[in-house]
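# Understanding the architecture of this molecule
Single-letter residue listing:
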Amino acid sequence: MLTLRERQINAIKQMLNLNSQQPKALAAEPVWKILIYDRVGQDIISPIISIKELRELGVTLHVQLHSDRDSIPDVPAIYFCLPTDENLDRIQQDFSNGLYDVYHLNFLAPITRSKIENLAAAALHAGCVANIHRVYDQYVNFISLEDDFFILKHQQSDQLSYYAINRANTRDEEMEALMDSIVDSLFALFVTLGNVPIIRCPRNSAAEMVARKLEKKLRENLWDARANLFHMDATQAGGGVFSFQRPVLLLLDRNMDLATPLHHTWSYQALVHDVLDLGLNLVYVEDETASAGARKKPKACDLDRNDRFWMTHKGSPFPTVAEAIQEELESYRNSEEEIKRLKTSMGIEGESDIAFSLVNDTTARLTNAVNSLPQLMEKKRLIDMHTKIATAILNFIKARRLDSFFEIEEKVMSKQTLDRPLLDLLRDGEFGQAEDKLRLYIIYFICAQQLPESEQERLKEALQAAGCDLTALAYVQRWKGIMNRSPSISQATQYEGGGTKTVSMFTKLVSQGSSFVMEGVKNLVVKRHNLPVTKITEQVMECRSNAETDDYLYLDPKLLKGGEVLPKNRAPFQDAVVFMVGGGNYIEYQNLVDFIKQKQTSNVQRRIIYGASTLTNARQFLKELSALGGEIQSPTATS
């Protein structure tokens, strides 16, 4: 069964193959071509197709649409961009300059009739109509970060951010455009999956706006016999990603849970995102090996699915990752020793003698060892990369006491008593940075049932003394007030933080003289628990009657007149797409992955795809809350 990511890769590879099916045998020489993309197209391709793969597909040159480009005759040019006025103007400019002999235009979103007429008129004027071979609408306007995780925007993601959706003076037309943008991408997602979903979402929220618009768009497409994009539905062979059952699309609003995006985390992938700004599966780590005088320049580390270590350990707690890196290093050293021992036993010292020995074929063992060298070198490169990333994270954990923050927040969320009063922690100058303290206080404020005014004031004074910017608190207070007035939402977001327990210090790491100095870092084992998003997902997939989700809309685009409530005796869903309007994070993604792993049985395969309008880490989310708080403190006249 193909995953979402694989289906998107296939669609893009077909486009790069000039929109014809790829031949099974790639022995044939590829057609050499140029790829011209805008920023959105670049963001879609970069996490899923490497430069090496582009070369194999015959792409000799890939350039930005809005860069200065020279004329290249006799080579097909593939355009991959949104049909915005700015992009279309530039394409028309290319026509009139006669840059290429063959044009293949692929638009990320459907191009309107009027725009395509303007484009045709420009081609006619430039006399290059015969040069335009294909114009395609490609439904791939979303970014696949994992097999089961997608976002809608990376560059200029603030257009779809939590702040953009919730700010006070958004005009109606701006909100409409924002919602349409989300709907178009979700529509493209389901075209790629090849399934029409059943939509569930809470009422009176941004999620409901998206749900109604998406239902209308899906229904119009289904009833349009000529343009129906779902004729290969799951009922036919080669159907969608999901089985014969239709998936449920659960649309949620970020407002249901503001604590999780601010939560300090303890799993590898979420930590990389929180402290090192992971973006499009790429992270930049300062190179410690630079010579003393030279400026340390960040080194790009690509965390992709070909990296076996990353795929195994991205969801593991950090101490487990540190131990695993150490074990990998040991096994690599053993393999290296083995090769050295073989060489010495055969009297081969210099590298140049290896070729001679192979000709003589003195021993098959040495041949095997030499053949395994490329894999060993790759293994060494990955070990070095993960060592570098883990060391950078470890330095942050120690400097900012992230392990303690994580432990305290888990206790706050699971309503356990703290070892030290919160006031002491906030006043402690040695304890973490101002931003970390503010995150802890907001989580404490959200999770506490009732906080006396006097206590709030004392805690705020301590935060100010620690140098925190308290602008965000004005917004969080207003948000909590609204949440308390809508019981169905506040019920759904009851936190049940799993709590943690500290196990004995990393024995392996300490005894083996590891490259990681883990002293002073707690080895926390996290107990499994479901975050609010996961709890709601479970209830919606099970279709059980429940106070929290009974009120959710139920929209089925395939029904002409749909009731908006869950039908009686509806069978549970096997597959779900959970989409967070207003920004998601790796903490929720990992929690859903862990949840669905538990639900697998030998005869039932369940799948969840998690998606979000944008991907934000705690620092970015705090910034958005501060911007919203600033609007409350000094309301500006609406423009």
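First, a word on what this report is: a plain description of the structure on this page. It should be emphasised that the depicted structure is a prediction, and the values quoted were computed from it without experimental measurement.

What counts, and at which threshold
Residues numbered from 1 in each chain as written. Predicted model: local features only at pLDDT ≥ 70, side-chain atom pairs only at ≥ 80, totals over all residues. Heavy atoms only, no water. Helix = DSSP H or I, 4+ residues; strand = E, 2+ residues; numbered from the N terminus. Buried < 20%, exposed > 50% of the residue type's maximum accessible area, 1.4 Å probe, protein only. Contact = heavy atoms within 4.5 Å. Areas by Shrake-Rupley, 256 points an atom, 1.4 Å probe, with all protein chains shown as cover. Pairing = 2+ DSSP bridges. Salt bridge = Lys/Arg side-chain N within 4 Å of Asp/Glu carboxyl O. Phe/Tyr/Trp six-rings, centres within 6.5 Å; stacked < 30°, edge-to-face > 60°. Lys NZ or Arg CZ within 6 Å of the ring centre and 35° of its normal. Axes fitted to C-alpha atoms, helices over the stretch in contact; angles between N-to-C directions.

### Remarks on the overall build of the chain
A count of helices and strands for the chain gives 24 helices and 16 strands. Taken across its 639 residues, the chain has 53% of its residues classed as buried. Partitioning the intrachain contacts of the chain with sequence separation of at least 6 by distance along the chain shows that 79% fall at a separation of at least 24. Of the accessible surface of the chain, which amounts to about 29700 Å², a share of 51% is contributed by carbon and sulfur atoms.

### Structural notes on the environment of L459
You can see L459 is positioned in helix α18 (residues 453-465). What makes L459 buried here is its relative accessible area of 2%. For the pair L459 and R427, spaced 32 residues apart in sequence, the C-alpha separation works out to 8.9 Å. What L459 contacts, discounting residues up to four positions off in sequence, is L422, L423, L426, Y441 and Y444.

### What to know about the pairing of strand β9 (residues 248-253)
With six of its six residues buried, β9 lies for the most part within the structure. Residues of β9 alternate between two faces, with V248, L250 and L252 on one and L249, L251 and D253 on the opposite face, all of them buried. Here strand β8 (residues 198-201) runs beside β9; their pairing, made up of three bridges, is parallel. Across the sheet, residue R200 finds its bridge partner in β9, namely L250. The sheet contact formed by β9 and strand β15 (residues 575-581) spans six bridges and is parallel.

### Notes on the pattern of salt bridges
In a structure, side chains of opposite charge can pair up when their charged atoms sit close to one another. Per the counting criterion, the structure on display carries 38 salt bridges. K411 is the salt-bridge partner of D419, the closest N and O atoms lying 3.0 Å from each other. Classification of K411 by relative accessible area gives buried; the value is 14%. Between E542 and R544 there is a salt bridge whose closest N-O contact spans 3.8 Å. Through salt bridges that share partners, D274, R400, E435, D436, R439 and R619 make up one connected network.

### Some details on the packing of aromatic side chains
Here the structure, examined in full by the defined rule, presents 19 aromatic pairs. When the ring of Y268 is compared with that of W310, the centres are 5.4 Å apart and the planes differ by 65°; the resulting orientation is edge-to-face. Here W310 lies in helix α10 (residues 308-313) and Y268 lies in helix α9 (residues 268-276), a separation of 42 residues in the sequence. Seen in terms of ring centroids, Y586 and Y589 are 6.4 Å apart; in terms of plane orientation they differ by 70°. Their pairing is edge-to-face. Here Y589 and Y586 lie together in helix α23 (residues 586-599), a separation of three residues that amounts to about one turn. Across the pair, Y589 and Y586 agree in class, each one buried. A network of ring pairs unites the aromatic residues Y79, F95, Y100 and Y103 as a single cluster. For K480, the ring lying beneath its charged end belongs to F445, and the centroid distance is 4.8 Å.

### Comments concerning the sheet that holds strand β7 (residues 149-151)
Across the sheet, which stays open at both edges, the seven strands sit in the order β6-β7-β16-β15-β9-β8-β14 with mixed pairing between neighbours. This sheet does not close on itself; its edge strands, each paired only once, are β6 (143-146) and β14 (553-555). Taking the axes of each pair of neighbouring strands and ignoring which way they run, one obtains an average angle of 20° across the sheet. Packed onto the sheet, helix α7 (residues 172-193) meets β7, β9, β15 and β16 (607-612) and runs at close to 160° relative to β15.

### A short note on the pairing of β6
Examined bridge by bridge, β6 and β7 share three bridges and lie antiparallel to one another. Counterpart to S144 in the pairing with β7 is F150.

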